[in-house]
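Results of the structural survey
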Amino acid sequence: MRYGLTRSIDIYDYENETGETFVAPASSWFKATNWLDAHADELEGVSTAGPYENYVWAYYGLVDANKADKYGLKEPKCLGDIVDMASKVAVSFNEPEADSLPLKEKRPKSS
């Protein structure tokens with residue numbers, strides 16, 4: 001877990017038959033957790049909450065990467081919106097490799 005909660009996410013758009021990989025910062029996970037906490041009553045009794053959690057995390061990762069509009073995704077208001085998202089796109093999470101992070105080069109400060 002070298003980069004903590006940062007994830008490399010593969011997304012595939014069913015309708016357009018296109019996909020890409022992007023990096024979601026740790027902040028995406030925190031935003032997803034806040035959303036899930038706010039919707040805990042909807043998740044009560046759901047035996048497989050994991051997929052919902054992944055799609056919410058992916059949604060906020062797309063927002064942080066400025067890509068949500070590209071896939072026609074709007075902020076989810078309920079679990080039904082997450083199901084709608086899952087009917088549009090597939091997502092897969094990976095731990096990022098060092099060379100996949102969009103890190104800026106550290107440059108010496110000018111004197």
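Below is a summary of the structure that appears in this document. These numbers come from a predicted model, not from an experiment. (Residues numbered from 1 in each chain as written. Predicted model: local features only at pLDDT ≥ 70, side-chain atom pairs only at ≥ 80, totals over all residues. Heavy atoms only, no water.)

This next bit is on the sheet that holds strand β1 (residues 7-13). The antiparallel open sheet is built from three strands, whose spatial order is β2-β1-β3. Because the sheet does not close on itself, it has two edges, and the strands there are β2 (18-24) and β3 (89-94). Strand-to-strand twist across the sheet, computed as the mean angle between neighbouring axes with direction ignored, equals 20°. Sheet topology places β1 next to β2; seven bridges connect them, and they run antiparallel. (Pairing = 2+ DSSP bridges. Helix = DSSP H or I, 4+ residues; strand = E, 2+ residues; numbered from the N terminus. Axes fitted to C-alpha atoms, helices over the stretch in contact; angles between N-to-C directions.)

What follows concerns the nonpolar core. In this structure, Leu62, Met85 and Val91 are the most contacted members of the largest nonpolar core, which totals 25 residues. Secondary structure elements with two or more residues in this core: β1, β2, α1 (26-38), α3 (50-64), α4 (79-88) and β3. For this core, the element with the highest residue contribution is α3, accounting for seven residues. Excluding anything up to four places from it in sequence, Val91 contacts Ile9, Asp10, Ile11, Tyr55 and Ala58. (Core = buried A, V, L, I, M, F, W, Y, C linked by side-chain atoms within 4.5 Å. Buried < 20%, exposed > 50% of the residue type's maximum accessible area, 1.4 Å probe, protein only. Contact = heavy atoms within 4.5 Å.)

Now for the pattern of salt bridges. Throughout the structure, instances matching the rule amount to three salt bridges. Two residues, Lys67 and Glu20, come together in a salt bridge whose shortest N-O distance is 2.9 Å. One end of the pair, Lys67, is in the loop between α3 and α4; the other, Glu20, is in strand β2, and 47 residues separate them in sequence. Glu20 serves as the salt-bridge partner of Lys70, at 2.8 Å between the closest nitrogen and oxygen. Of this pair, Lys70 sits in the loop between α3 and α4 while Glu20 sits in strand β2, and the two are 50 residues apart along the sequence. Connected through salt bridges with shared partners, the residues Glu20, Lys67 and Lys70 form a single ionic network. (Salt bridge = Lys/Arg side-chain N within 4 Å of Asp/Glu carboxyl O.)

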